[in-house]
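# Residue-level structural notes
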Amino acid sequence: MKPIYHDTIVVGGGLAGLRAALELDRRNVKVALISKVYPLRSHSVAAQGGINAALGNHPRSYYDNWEKHAFDTIKGSDYLADQDAVIRMTKEAVKRIVELEHWGCPFDRNDEGKIAQRPFGGAGFPRTCYSTDKTGHALLHTLYEQIVKFRQVAERQELTLYNEWLVTRIVVENGRCIGLIGLDIKNGNLSAFKTNAVIFATGGSGRVYGKTTNALINTGMGMAVPYWADVPLKEMEFIQFHPTTLVGKNILITEGCRGEGGYLINNKGERFLEKYKDSKKAMEVAQRDIISRNITKEIMEGGGLKDPTDFASRYVLLDLRHLGEDRIMSRLSGIREICMKFAGIDPVYEPIPVQPGQHYTMGGIDCNKDCETQIKGLYAAGEAACVSVHGANRLGGNSLLDTIVFGTIAGENAANYAQGAIYGSVPPRCNNKDRILDDALKCENRKIESILNSNGKENTSNIKEELNKLMEGKVGIFRNAEALKSALNKIKQLQERYKNISLNYKKCKINLSLMWVLELKGSLDVAEAIIAGALAREESRGSQFRTDFTERNDEDFLKHTLAYYSDEGVKLDYKEVVLGPFEPKAREY
Ligand SMILES: Cc1cc2nc3c(=O)[nH]c(=O)nc-3n(C[C@H](O)[C@H](O)[C@H](O)COP(=O)(O)OP(=O)(O)OC[C@H]3O[C@@H](n4cnc5c(N)ncnc54)[C@H](O)[C@@H]3O)c2cc1C
């Protein structure tokens, strides 16, 4: 069957994917955007607190600039971020925020009518632009409006949307990406796509953990698809645990609550962060990894409260009552609504029960500051990518910025590359692309048929549940060699059991159980990369805390971990961190 052709393809309809598609379209390159959900349902829509840029609009941040933003980001990363990439991101930040403002993004305003900023993400003063506590919603809708505008004003169909298509495989020939295979979820048909450049913007992999703020769709398969095609995943061991997720549901309770002045208290009503030396000074606005660890320690030392829905689970309280109803209503109305709907409490009158939960995947598809991967014509951006600008720990507000800045850069570079391929400046590729794509399509068809025809005894939800428990229990905030080794063994068992999964529903149309089986393979393989990286990194840095190696060890581990997929199990390698003007220093508190 002849493949479907598009000049370029973006996989993912979140902020990074939409921004990349807009950039390609703006540069007159035809683009198709493939997303497994309707773009506005991507996880980006759930982002709450805000997006960082050194605008200096607040009296306490008049002297802010990109250098300070870069330093905070690199310090926050525990010096594992590539400094050239961070500098690029922080230099571009203001331009990108102004562009979003001109596109109509409804940022909150200060008394002078300028974009308002709040303290967030480790700066210690207001640097984060926001739209109440629904910033992701505002940004995603702004970009989607631009997509709709481009399609309508230009009266052309050069930006094609494939909504509810799952990309299952990329096709690489002679080190170049020549296309991909996608499953149309609505009718269950697989198709081959031929293209010159592909951008992967497939988001995070939070759902390998059970207690996570991530949407159900963030399974990790979006990272696994390039991984299966020999593209390494970088820095996968660094998982951010957000300090404050709503007990029971683990919905995010934004850092903005603490930025606005909320307190964390234990079962005696004490602001316990002052007991710990690394949070004593910054208290509730200390970095996320520090607060998550100190909440966990406080709970382990008996300062927690019991979760009535789960006796093994403990929590602390986030108190906003002293902020007053007006401030809560104007700045944190979404949080109030979440608490009322999902926990039956009104934070105007009662403190919120919170506990740490998985929140962000610092690692991802290995790429450089131009968003190029090791495969020609394959780019990555957003949470799926690891540029790396977040290193061992991401600052709040920097991820939204990462999606917008590197989404744009990926679009720009993919446009140049694709134009070269179309007009001949890139060396000719193999002539028999159609045949290679057809072979890949047949292979994917066989894979799906074998899942549908399997009579195995395993089912997806059991394996998924065991995976989630394993990751929480053994690969959580505190880690050690013994637990990690046993987690690696268990993952291998789960991977074996995966081969015996069978489905009850075997029809092709909207077969979500088939989709979950395909995604589960991604979750298992990504989890294996996380565990292997964590075990090999015998130090504590940023979000990775090893109880058996409690210090940071720059001599041996100031380097990026690369995980390569193989049928026998993950293979690790390392690569240098790009240092720059900011010398690695011991962490200050
Ligand atoms: C609750 C919450 C609040 C947050 N708040 C903030 C904040 O205030 N500030 C901040 O900086 N960061 C925040 N973050 C982080 C930030 O929102 C995300 O990192 C960012 O939005 C990710 O955007 P993305 O475009 O990379 O991916 P997503 O928005 O996750 O989009 C991924 C896209 O990929 C598609 N996809 C995935 N796999 C496939 C496949 N195999 N085939 C086809 N399509 C596929 C999906 O359909 C989706 O469209 C928050 C995160 C969460 C979970």
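Use the structure listed above.
This section reports on the structure supplied with the text. Small disclaimer: the values here were computed from a predicted structure and weren't measured.

What counts and how
- Residues numbered from 1 in each chain as written.
- Predicted model: local features only at pLDDT ≥ 70, side-chain atom pairs only at ≥ 80, totals over all residues.
- Heavy atoms only, no water.
- Helix = DSSP H or I, 4+ residues; strand = E, 2+ residues; numbered from the N terminus.
- Rg over C-alpha atoms; globule rule 2.2 N^0.38 Å.
- Contact = heavy atoms within 4.5 Å.
- Patch = residues over 30% accessible without salt bridge, like charges linked within 9 Å, V, L, I, M, F, W, Y side chains within 5 Å.
- Areas by Shrake-Rupley, 256 points an atom, 1.4 Å probe, with all protein chains shown as cover.
- Salt bridge = Lys/Arg side-chain N within 4 Å of Asp/Glu carboxyl O.
- Buried < 20%, exposed > 50% of the residue type's maximum accessible area, 1.4 Å probe, protein only.
- Expected span 1.5 Å × (residues − 1).
- Near = heavy atom within 4 Å.
- Polar contact = N/O pair within 3.5 Å; in protein donor to acceptor, adjacent residues only side chain to side chain.
- Nonpolar A, V, L, I, M, F, W, Y, C, P; charged D, E, K, R; others polar.
- Axes fitted to C-alpha atoms, helices over the stretch in contact; angles between N-to-C directions.
- Parallel < 35°, antiparallel > 145°, perpendicular 65-115°, else oblique.
- Left-handed = near helix turned anticlockwise from the far one by under 90°.
- Pairing = 2+ DSSP bridges.
- Phe/Tyr/Trp six-rings, centres within 6.5 Å; stacked < 30°, edge-to-face > 60°.
- Core = buried A, V, L, I, M, F, W, Y, C linked by side-chain atoms within 4.5 Å.
- Arc of directions from axis to C-beta.

### Let's talk about the overall build of the protein chain
Looking only at helices and strands, the protein chain features 15 helices and 24 strands. Over its C-alpha atoms the protein chain spans a radius of gyration of 23 Å, differing by no more than 12% from the 25 Å that the globule rule assigns to 589 residues. C-alpha extents for the protein chain along the principal axes are approximately 70 × 55 × 50 Å. Considering only contacts within the protein chain whose residues lie at least 6 apart along the sequence, 72% involve residues at least 24 apart.

### What to know about a nonpolar patch on the surface
Residues Leu216, Ile510, Leu512 and Trp516 make up a contiguous nonpolar surface patch of roughly 400 Å² in combined accessible area. Owing to a relative accessible area of 53%, leucine 216 belongs among the exposed residues under this scheme.

### Observations concerning helix α10 (residues 398-423)
Counted at 1.5 Å a residue, the expected span for α10 with its 26 residues is 38 Å, and the 37 Å between its end C-alpha atoms agrees. Along α10, 20 of the 26 residues are buried, which leaves the element largely enclosed by surrounding structure.

### Here we look at the site of the ligand
Residues in contact with the ligand amount to 39 residues; listed here are only the nearest, Ser42, His43, Ser44, Glu383 and Ser399. A distance of 3.0 Å separates an oxygen atom of the ligand from a polar atom in the backbone of alanine 16. Relative to its unbound accessible surface of 1000 Å², the ligand loses 99% to contact with the protein. Listed by contribution, the elements that provide at least two residues to the shell around the ligand are α1 (15-26), β3 (31-35), β8 (165-173), β17 (352-361) and α10. For the shell around the ligand, the element with the most residues is α10, which contributes four residues. Class assignment for the residues of the shell around the ligand results in 14 nonpolar, 22 polar and three charged.

### Focus: the packing of helix α13 (residues 481-498) against helix α14 (residues 512-536)
Where α13 contacts α14, the two axes come as close as 10 Å, and the packing angle between them is 160 degrees. The orientation of α13 relative to α14 falls into the category roughly antiparallel. In this structure, α13 meets α14 at a crossing whose hand is left-handed. Side by side, α13 and α14 meet where Ala481, Leu484, Lys485, Ala487, Leu488, Ile491, Lys492, Leu494, Gln495 and Tyr498 of the first sit next to Val517, Leu518, Leu520, Lys521, Leu524, Asp525, Ala527, Glu528, Ile531, Ala532, Ala534 and Leu535 of the second. When grouped by side-chain class, the residues that make up the contact of α13 with α14 number 16 nonpolar, one polar and five charged.

### Focus: the sheet that holds strand β18 (residues 364-366)
Overall, mixed pairing links the five strands, which are arranged β20-β18-β12-β23-β24 in an open sheet. A single partner strand is all that each edge strand has here, and the edge strands are β20 (385-386) and β24 (571-576). Here β18 runs beside β20; their pairing, made up of two bridges, is parallel. Paired with aspartate 366 across the two strands is cysteine 386, which belongs to β20. Together, β12 (233-234), β18 and β23 (559-564) form the strand contacts of helix α5 (residues 221-228), whose direction differs from that of β18 by roughly 30 degrees.

### Concerning the packing of aromatic side chains
Summed over all chains, the structure comprises nine aromatic pairs. Measuring from centroid to centroid gives 5.4 Å for tyrosine 227 and tyrosine 565, while their planes differ by 70 degrees, and the two rings are edge-to-face. A residue pair is termed long-range when its members are at least 10 positions apart, and tyrosine 227 in helix α5 and tyrosine 565 in the loop between β23 and β24 qualify at 338 residues. The class of tyrosine 227 is buried, set by a relative accessible area of 0%. Overall, tyrosine 565 belongs to the buried group, its relative accessible area being 18%.

### Considerations on the pairing of strand β11 (residues 197-200)
Neither face of β11 is open: one carries Ala197 and Ile199, the other Val198 and Phe200, and all of them are buried. In terms of strand pairing, strand β2 (residues 8-11) meets β11 through four bridges, oriented parallel. Across the sheet, residue valine 11 finds its bridge partner in β11, namely phenylalanine 200. Note that β11 and strand β19 (residues 378-380) share three bridges and pair parallel. Across the sheet, residue isoleucine 199 finds its bridge partner in β19, namely tyrosine 379.

### Digging into the nonpolar core
In this structure, Ile51, Phe107, Leu180, Phe200, Met471 and Ile530 are the most contacted members of the largest nonpolar core, which totals 146 residues. Dropping the residues within four chain positions of it, isoleucine 530 is found in contact with Val208, Tyr209, Met236, Glu237, Ile239, Met471 and Val475.

### A short note on helix α12 (residues 460-474)
Structurally, the α-helix is built with 3.6 residues per turn, so residues lying three or four positions apart point the same way. Taking 1.5 Å of rise per residue, the 15 residues of α12 would be expected to cover 21 Å, and the 21 Å separating its terminal C-alpha atoms lies within 8% of that figure. Looking at α12, one finds that the buried residues are Thr460, Ile463, Lys464, Leu467, Asn468, Leu470 and Met471. Considered in projection along α12, the buried side chains sweep an arc of 165 degrees and stay on one side of the axis. Opposite the buried face of α12, at more than 90 degrees from it, the exposed residues are Lys469 and Gly473.

### Details of the side chain of asparagine 250
Looking at the secondary structure, you find asparagine 250 in the loop between β13 (239-246) and α6 (256-259). Within the local environment of asparagine 250, its side chain forms a polar contact with the side chain of threonine 245, the two groups lying 2.8 Å apart. Side-chain polar atoms of asparagine 250 contact the side chain of glutamine 355, separated by 3.4 Å. Look past the residues within four positions of asparagine 250 in its chain and what remains in contact with it is Lys211, Thr212, Thr213, Thr245, Gln355 and Pro356.

### Observations concerning the sheet that holds strand β1 (residues 4-5)
Taken together, four strands build an open sheet; the order of strands is β1-β10-β9-β8 and the sheet is mixed. Of all strands in the sheet, those with a lone pairing partner are β1 and β8, marking the two edges. Here six bridges tie strand β9 (residues 176-184) to strand β10 (residues 189-194), and the two strands are oriented antiparallel to one another. For aspartate 184, the partnering residue across the bridge sits in β10 and is asparagine 189.

### Things to note about the pairing of β9
Consecutive side chains along a regular strand alternate between the two faces of the sheet. For β9, a buried count of nine out of nine residues is recorded, marking the element as mostly surrounded by other parts of the structure. In this sheet, β9 lies alongside β8 in antiparallel orientation, the contact comprising eight bridges. Across the sheet, the residue bridging to glutamate 173 is arginine 176, located in β9. Count of turn residues in the β8/β9 antiparallel hairpin: two residues, of which asparagine 174 carries a positive phi of about 50 degrees. In this structure, the hairpin formed by β9 and β10 is closed by a connection of four residues, where glycine 188 is found at a positive phi of approximately 80 degrees.

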